[in-house]
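Summary of structural features
Letter by letter, the chains look like this.
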Amino acid sequence: MRILRAAGETVEVHNYIDNTGVQVADVVVGFMHLENRTLDDIRALADRPATTRAESFDYYCWELYSRVGAWYEEDKARLELRARTLHEIEEGGNPTAEIGEFISSRIVDCHLDTMARLDISYDLLARESEILHLHFWAHAFEKLKASGAIVFETEGRNKGCWVMKAEDETAQGAEESEHDADKIIVRSNGTVTYTGKDIAYHLWKLGKLGLDFHYRMLRHDHHDREVWITTGDESAAQSNHPPFGNGTAFLNVIDVGQSYPQANVKRGVMMIDHDERVARSAHLAYEKVTLTPAAAVELGMELSEADAQRQQIGMSGRKGLGVKADDLIDRLEENALREVQARHTDLDIERQRHIARQIAVAALRFFLLKFTRTSIIAFDFNDALSFDGETGPYIQYAAVRANNIFRKLGRTPDEARADFKAITAEQCNEIFSGEGGDDLWSLVYFAARLNEVMQVSAAGFEPTHIAKYAFQLAKQFNLFYHSYHILREENETRRQCLLMVADLTRRRLEKALSLLGIETPERM
RNA sequence: GCGCCCGUAGCUCAGUUGGAUAGAGCGUUUGGCUACGAACCAAAAGGUCGCACGUUCGAGUCGUGCCGGGCGCACCA
């Protein structure tokens, strides 16, 4: 989002809230049938003051969710309870749905708090419940039927369903093939599948549905910007909302496992809105983070022999196996704070904490961004917790060093720039063609490439290009920093040239970091 | 069976549209702080780019076929 905006695009950040799905249903089942709790009980639990992470509502639900998973395993017949609960939540207007609504809202709050720690925020939270209740599907259904995108099957395996036919029907040939290429959109019992709902949602994104959500302001984020959420309750709606939807293209950031359903969604939308801007839209697939066997052991998992041999082990919420973002950030902040306190005893605790938070965010964000989207990230605690080498803090450190030069000099970069203006082109040329001139040119040239790298990164939807570039620039700056001691330079002209090189690099470093969502601390 | 992704140094990964002796980080070995703070720098060791053909003046990169690993292919979301 930051990179696309910097490249001149207008971007709206939405987060799809699947508040009527199986995960919510399972937690509801856990509260209602494993723990026999009422809505008031759950409310009390959510409202109790939490002194440890384990007592927080989201941690409680995470743990409960895996318990429900195990409970289903004991007796598959219990899955009937999930189906019923899911149905009641979709229906709305009953106690089960009320509990579901409460839980999902609270979890969204927790999620936003966690994301805020990483400087992540959203413009709009679009809820699945509204897509159902505001009849998005009914409108999309008519359009799909009218366009011939879906047809009603009167015979065969899919009898009684509305299906989207496979593109290469003839090439398919074999009737008895194990897998059917046709995609069912409406089931024989008349209910709509996920793909159908998602097609409706995407038609809305492009302003092609002829319907809109109601909106209300949910909260201000950590930068005091408004975060809006959809609502099906017209009386709660606020009309002073920013414009949402009506996009010219959409980018769905979902893991690569969703490639097949996403391809179907795009196909469905294309049949109604055959437009180059839709063609430009894409499923921006990324690979998941998995655990190294060592990390899995550290999380308390007992490895089978087969697992220990594996390269990676998938995380699973159902099994309760995963790294919780808040835990990881906590550890990063603790480690960073220790380092800061060892180095900067003069700063008060609040400033130390602030710096520690900035470093922790840099470490985690860079750790995730240093990989390409398509490579599976094998999560290792040592790598993720590191502040040395190819890490976010390394780059921050280079930028802070550059700033320290000016701090020690007693002049701001702007003042130094004014001094520099007094130097003639000839004098400058002499420095840059003199001893070490090539080193200076090489750094200046590399620093000047940020914009080009940003374009490549935006065009390929690949933030890692910026990340790799930022690291290389920091590395080159550190070399320069060691090779040329600026404040000790006696030649006044030369010193001012070196200062300008340092300032140029500093600005590019900070810009690159900000594109990655990383701040530059005042001290390190 | 069909489709997608991956295979590059001991480990984790980069490698723009095909272009010169294939690059980082970590780890290992060695050296460097009277400091613009060493969260750093320098040096060394370490690679048949999974295998085999093909296209090309030239292939880690493009094509085909194998081998190995991961993930999809619901009237679930």
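Attention here is on the structure that accompanies the text. Numbering of residues starts from 1 in each chain and follows the order in which that chain's sequence is written. Here chains are named by letter from A upward and ligands by number from 1 upward, in the order in which they appear as written. In view of the model being predicted, local features appear only for residues whose pLDDT reaches at least 70, and side-chain atom pairs are presented and counted only at 80 or more, with totals across whole chains, interfaces and linings using the full set of residues. Water and hydrogen atoms play no part in the side-chain values, which are based on all heavy atoms of the structure.

1. Description of the environment of A448
In plain terms, the rule: Segments assigned H or I by DSSP are reported as helices when at least four residues long, segments assigned E as strands when at least two residues long, and all are numbered from the N terminus. Only protein chains enter the accessibility calculation, which uses a 1.4 Å probe; a residue is then buried when its area is under 20% of its type maximum, exposed when over 50%, and partly exposed in between. We call two residues contacting when some pair of their heavy atoms lies within 4.5 Å.
Here A448 lies in the loop between α21 (437-447) and α22 (450-459). By relative accessible area, which is 46% here, A448 ends up partly exposed. Excluding anything up to four places from it in sequence, A448 contacts Y469 and R508.

2. With respect to the sheet that holds strand β7 (residues 226-231)
Operational definition: Two strands form a pair only when DSSP identifies at least two bridges running between them. Only C-alpha atoms enter the line fits that serve as axes; for helices the fit covers just the stretch in contact. Angles between N-to-C directions range over 0 to 180 degrees.
The strand order across the open sheet built from four strands is β1-β2-β7-β6, with neighbouring strands paired in mixed fashion. At either margin of the open sheet sits one strand with a lone partner, and together these are β1 (14-17) and β6 (214-220). Geometrically, the sheet is characterised by an average inter-axis angle of 25° between neighbouring strands, direction not taken into account. Direction of pairing for β1 relative to strand β2 (residues 124-127): parallel, over a ladder of four bridges. Across the sheet, I17 pairs through a bridge with R127, a residue of β2. With respect to the sheet, helix α10 (residues 194-205) is in contact with β1, β2 and β6, its orientation differing from that of β1 by roughly 155°.

3. Concerning the protein's contact with RNA strand B
Worth spelling out the cut-off: We call a residue near a molecule or strand whenever a single non-hydrogen atom of that residue lies within 4 Å of it. In protein, a polar contact requires one atom able to donate a hydrogen and another able to accept it; more generally it is a pair of N or O atoms within 3.5 Å, and residues adjacent in sequence count only if both atoms are side-chain atoms. Residues are sorted three ways: Asp, Glu, Lys and Arg are charged, Ala, Val, Leu, Ile, Met, Phe, Trp, Tyr, Cys and Pro are nonpolar, and all the rest, Gly among them, are polar.
Close to RNA strand B lie 49 residues; R187, R343, T372, Y394 and R401 are nearest. What you see for RNA strand B is that sugar and phosphate hold 71% of its atoms within 4 Å of the protein. One nitrogen or oxygen atom from the main chain of R157 is found 3.4 Å from a base nitrogen belonging to RNA strand B. At 2.5 Å, a backbone N or O of Y481 approaches a base nitrogen of RNA strand B. The leading source of residues in the surface near RNA strand B is helix α23 (residues 464-483), at eight residues. Partitioning the surface near RNA strand B into residue classes produces 20 nonpolar, 15 polar and 14 charged.

4. Focus on the pairing of β6
Where β6 and β7 come together, six bridges link them in antiparallel fashion. Counted as the bridge partner of R216 is I229 from β7.

5. A closer look at empty space enclosed by the protein
To be explicit about the condition: Here a cavity is any set of points on a 1 Å grid over the protein atoms alone where a 1.4 Å probe fits but cannot get out, and a pocket is any open set with protein on both sides within 12 Å along at least 5 of 7 lines; a residue lines the site when it has an atom within 4 Å of a point. Grid points are joined across faces, edges and corners, and a volume is the space filled by probe spheres set on the points.
Across all of its chains, the model carries one cavity of 30 Å³ or more by this definition. The volume enclosed by the largest cavity comes to roughly 50 Å³. Lining the largest cavity are L112, A116, I120, S121, Y122, R219, D221, H222 and V227. Looking at the lining of the largest cavity residue by residue, the class counts come to five nonpolar, two polar and two charged.

6. Looking at the nonpolar core
Counted only if it meets this: By nonpolar core we mean a set of buried residues, namely Ala, Val, Leu, Ile, Met, Phe, Trp, Tyr and Cys, connected to one another through side-chain atoms within 4.5 Å.
One finds I395, F432, I466 and F480 to be the most contacted residues of the largest nonpolar core, which totals 50 residues. Secondary structure elements with two or more residues in this core: α1 (2-6), α16 (349-369), α18 (392-409), α20 (425-433), α21, α22, α23 and α24 (492-515). By residue number, the principal contributor to this core is α24, which donates 11 residues. Those residues in contact with I395, other than ones at most four positions away along the chain, are F366, A467, A470, F471, A474, L509 and L513. Judged by nonpolar contacts, the second largest core, of 31 residues, contains W137, I185, V186 and A200.

7. Observations regarding the packing of helix α2 (residues 22-34) against helix α6 (residues 95-117)
The axes of two packed helices give the description: the angle between them and the distance between them. We apply this condition: For classification, angles of less than 35 degrees are called roughly parallel, those exceeding 145 degrees roughly antiparallel, those between 65 and 115 degrees roughly perpendicular, and all remaining angles oblique. For any helix crossing, the convention is left-handed if the near helix is rotated counterclockwise from the far helix by under a right angle, and right-handed if that rotation is clockwise.
Contact geometry of α2 with α6 gives a least axis separation of 10 Å together with a crossing angle of 110°. The angle between α2 and α6 falls in the class roughly perpendicular. The hand of the α2/α6 crossing is right-handed. Contacts from V24, V27, V28, F31 and M32 of α2 reach α6 at T96, I99, G100, I103 and S104.

8. Considerations on the sheet that holds strand β4 (residues 162-164)
With respect to topology, three strands assemble into an open sheet ordered β3-β4-β5, the strand pairing being antiparallel. A strand with exactly one partner marks an edge of an open sheet, and here the two such strands are β3 (151-152) and β5 (183-186). Here β4 pairs with β5 via three bridges, running antiparallel. Bridge pairing links V163 to I184 in β5. Contacting β4 and β5, helix α11 (residues 259-272) crosses the sheet at an angle of about 95° to β4.

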